Amino acid sequence: MNFLANLGRVVLALLAETGRVTLFTRDALIQGLTPTIYFRQIFDQLMKIGYNSLLVVGLTAFFTGGALALQIYLGSSRFNAESLVASIVALGITRELGPVFAGIMVAGRVGSSIAAELGTMRVTEQIDALVTLATNPFKYLVGPRIVACVISLPILVGIADIIGVMGGYIVGTRSLGFNSYAYIKNTVDFLKLDDVTSGLIKAAVFGFIIAIMGCYHGFNSRGGAQGVGRATINAVVSSAILILAANFVLTSFLFKN
Amino acid sequence: MAQEPHIVLSDVRKAFGRKHVLNGLDVSVDKGRSLVVIGGSGTGKSVMIKTILGIIRPDSGSIRVAGEEVVGLKGAARDRYLSRFGMLFQGAALFDSLPVWQNVAFGLIQGRKMNRARARDIAIEKMAQVGLGPEVGQLYPAELSGGMQKRVGLARAIAADPEIIFFDEPTTGLDPIMADVINNLIVDSVRRLGSTTISITHDMASARKIADDIAMIYKGRIIWHGPADTIDTSGNDYVDQFIHGRAEGPIQMEVLKP
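Described in the following lines is the structure provided in the data block. The structure presented is a predicted model; accordingly, all values stated were derived computationally and were not measured.

With that out of the way, let us pick up the overall build of chain A. Along chain A, the regular secondary structure elements total 9 helices and 0 strands. Along the first, second and third principal axes, the C-alpha set of chain A runs to 65 × 55 × 35 Å. Counting contacts in chain A only where the partners sit at least 6 residues apart, residues at least 24 apart contribute 84% of the total. Carbon and sulfur atoms form 70% of the exposed surface of chain A, whose accessible area is close to 12600 Å². A gap of 4 Å separates the mean positions of the 18 positive and 12 negative side-chain charges of chain A.

Residue and element names in this part refer to chain B. Their axes nearest at 11 Å, the elements helix α5 (residues 146-158) and helix α6 (residues 176-193) cross at an angle of 10°. Between α5 and α6, the angle is such that the two are roughly parallel. In contact with G147, K150, R151, L154 and I158 of α5, α6 contributes M178, V181, I182, L185, I186, S189 and L193. Grouping the constituent residues of the contact of α5 with α6 by class yields 8 nonpolar, 2 polar and 2 charged.

Our focus in this paragraph is the packing of aromatic side chains. One pass over the full model with this rule turns up 14 aromatic pairs over all chains. When the centroid spacing of 5.6 Å and the interplanar angle of 70° are considered together, the rings of F24 of chain A and F219 of chain A count as edge-to-face. Remark: F219 of chain A occurs in helix α8 (residues 193-219) and F24 of chain A occurs in helix α1 (residues 2-32); sequence separation between them is 195 residues. For F219 of chain A, a relative accessible area of 6% puts it in the buried group. Where F95 of chain B meets F106 of chain B, the ring centres are 4.8 Å apart and the plane angle is 50°; that geometry is what we call tilted.

The next thing to look at is the nonpolar core. In globular proteins that are soluble, nonpolar side chains generally tend to be buried together. The biggest cluster of nonpolar side chains holds 81 residues, and the ones touching the most others in it are I7, L9, L25, M48, I52, F166 and I198 of chain B. Element by element, the count of residues in this core is highest for helix α6 (residues 137-174) of chain A, at 11 residues. Contacts of I198 of chain B, omitting those with residues within four sequence positions, involve I7, V29, L35, V37, M48, I49, I52, I165, F166 and F167 of chain B. In this structure, W101, A119, L132 and I182 of chain B belong to the second largest nonpolar core, which totals 49 residues.

Residues and elements named next belong to chain A. Summed over the entire model, instances satisfying the criterion amount to 0 disulfides over all chains. C215 supplies the cysteine sulfur nearest to C149, a cysteine that is in no disulfide, at a spacing of 7.7 Å. On the accessibility criterion, C149 (0% relative accessible area) is buried. Note on C215: relative accessible area 0%, which makes it buried.

Once that is clear, we can look at the interface of chain B and chain A. Between chain B and chain A, the contact holds 24 residues from the first and 16 residues from the second. Around 1700 Å² of area is buried between chain B and chain A when both sides are counted, 60% of it from carbon and sulfur atoms. When the buried surface of chain B facing chain A is broken down by residue, F89, F95 and F106 of chain B rank first, second and third, together holding 25% of it. A salt bridge links D128 of chain A to K50 of chain B; its shortest N-O distance comes to 3.2 Å. Among the secondary structure elements, those contributing two or more residues to the side of chain B that touches chain A are α1 (45-53), α2 (75-82), β6 (85-88) and α3 (100-111) of chain B. Take the side of chain B that touches chain A: its biggest share by element is 4 residues, from α3 of chain B. The residue inventory of the side of chain B that touches chain A, partitioned by class, reads 11 nonpolar, 5 polar and 8 charged.

This part takes up the sheet that holds strand β1 (residues 7-16) of chain B. All names here are of chain B. Here 4 strands make up an open sheet; going across it, the order is β2-β1-β4-β5 and the pairing antiparallel. One side of each edge strand has no neighbouring strand; the edge strands of this open sheet are β2 (19-29) and β5 (68-69). Note that β1 and β2 share 8 bridges and pair antiparallel. Looking across to β2, one finds that L9 is bridged to V27.

Let us now look at the pattern of salt bridges. Counting across every chain of the model gives 19 salt bridges over all chains. Put simply, K48 of chain A and E117 of chain A hold a salt bridge, and the shortest N to O gap is 3.9 Å. A residue pair is termed long-range when its members are at least 10 positions apart, and K48 of chain A in helix α2 (residues 39-50) and E117 of chain A in helix α4 (residues 85-123) qualify at 69 residues. Between E163 of chain B and R84 of chain B there is a salt bridge, with the nearest N and O atoms lying 3.5 Å from each other. Of this pair, E163 of chain B sits in the loop between α5 and β7 (164-168) while R84 of chain B sits in the loop between α2 and β6; the two residues are 79 residues apart in sequence, bridging distant segments of the chain. For R84 of chain B, a relative accessible area of 18% translates into the label buried.

Moving on: the sheet that holds β7 of chain B. All names here are of chain B. Pairing in this open sheet of 6 strands is mixed, and the strands run β6-β7-β8-β3-β9-β10 from one edge to the other. The strands lining the two open edges of the sheet, one partner per strand, are β6 and β10 (221-227). Taken pair by pair, the neighbouring strands of this sheet meet at an average axis angle of 15°, ignoring direction. One ladder, built from 4 bridges, connects strand β3 (residues 34-38) with strand β9 (residues 213-218); its direction is parallel. Residue V37 lies in a different strand from β9, and its bridge partner there is A215. On the sheet, α1 packs against β3, β6, β7, β8 (196-201) and β9 and is oriented at approximately 150° with respect to β8. Docked against the sheet, helix α8 (residues 237-244) engages β3, β9 and β10, running at close to 100° with respect to β9.

Burial analysis of β9 of chain B places 6 of its 6 residues in the buried class, the great majority of the element. Hairpin connection from β9 of chain B to β10 of chain B: 2 residues lie between these consecutive antiparallel strands, with K219 of chain B at a positive phi of about 50°.

Definitions and cut-offs
Residues numbered from 1 in each chain as written. Chains lettered and ligands numbered in written order. Predicted model: local features only at pLDDT ≥ 70, side-chain atom pairs only at ≥ 80, totals over all residues. Heavy atoms only, no water. Helix = DSSP H or I, 4+ residues; strand = E, 2+ residues; numbered from the N terminus. Contact = heavy atoms within 4.5 Å. Areas by Shrake-Rupley, 256 points an atom, 1.4 Å probe, with all protein chains shown as cover. Lys, Arg positive; Asp, Glu negative; His and termini not counted. Charge placed at Lys NZ, Arg CZ, Asp CG, Glu CD. Axes fitted to C-alpha atoms, helices over the stretch in contact; angles between N-to-C directions. Parallel < 35°, antiparallel > 145°, perpendicular 65-115°, else oblique. Nonpolar A, V, L, I, M, F, W, Y, C, P; charged D, E, K, R; others polar. Phe/Tyr/Trp six-rings, centres within 6.5 Å; stacked < 30°, edge-to-face > 60°. Buried < 20%, exposed > 50% of the residue type's maximum accessible area, 1.4 Å probe, protein only. Core = buried A, V, L, I, M, F, W, Y, C linked by side-chain atoms within 4.5 Å. Disulfide = S-S within 2.5 Å. Buried area = accessible area lost by both parts, 1.4 Å probe. Salt bridge = Lys/Arg side-chain N within 4 Å of Asp/Glu carboxyl O. Pairing = 2+ DSSP bridges.

Next up, the structure:
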């Protein structure tokens, strides 16, 4: 009985949390993305979220592309199919690894930062202060972060795709002995526009998830420094899980045919 | 016909789970008067102010400001309503990411869409009124002492010349001299603007200095309300215990229970 009671409690808590996140998302969309629009805030967030994440996303993509080339080479050499390395690296990076790794890295860097910043603002009454200054916190804090994340992630992933393919190219030509021209030709010939755009669509969805989770946990943090710490962890963990789940769902839809 | 008080709370109730914080709270403030609400920690003082501002929605009861029912206001009506207020928070609640002058001018720029140059001039003027020079405007809140942060918070509260100002524990955490400086600034600012004010505090020296009227809240209800100069002769045992800071009396702290 105890097991069933505990299971029931967990399920109820999960449903309640899902309901709260849904209501928060509704408010974020209705209040945060309708006029008044704070363009200065959006620009600041674009710099913080997009520009400042370039290095970490770029390095992740480069090493992932290189490692992917090595692994595919080792695997495909068992079937004498080494010539597939370039095309599989390109497909793997643009369709899956680019958006997922960029999403998870940005969730770690930006989701945590959003939750910590808004959480601190909550516990120090800065969000209440916004209200008393006739400024809607959803419009001033949440909306710009959503817009910036949804714009930044596809741009970051586009750059990550290029750097990731370049990582594979460098490993392929310098370490695995591929001809430079042949590697590039294989990459270009096999890659379709859909491969890239599907990754960019995923990236925009991941950006939305990161912004909502960061803002939700920050907005609802309680209890001082410990509460802010908890909000930060929850933002990163929930973003990462939702990104992986959303990736599966999106892949099912985008590559149905 | 007598004019309705500027702010009227009638039978306001609010519970968080099983904890009933406001239990049928009735209080009113006349226009241009300064009401100080005293009471122990956790008696509902901050929740009372937040229900008036609409930050917390009461479970039941009525809140009327200037004759208008304000519970449940939304959208533009709520923005218009909030633009009539200024508030000094206990910890000042300054925005860390903005320099001092932008903190002071925030409500003018974001709330009232004022031109930044004009808002900056007003911010510097308000900072001067609370004894801060223009050079402080370029600093960030983290670079200021607690007393200076309170002054910036006060300048922000009065920046838009609000008709109603709330002060939440304005002197908590300050040394007695700085506390008196803040009290004087509050009295001067409020007199200059002619605003209606509600302050909440534990500090009796502050209450005596800034109040026209004092109300005592206990367990979510107002148990005494009268002119500030009658508080020493209130005849209320709860008030007497509180203003003299005695452990013995009708108010029993949880920790003292056997």
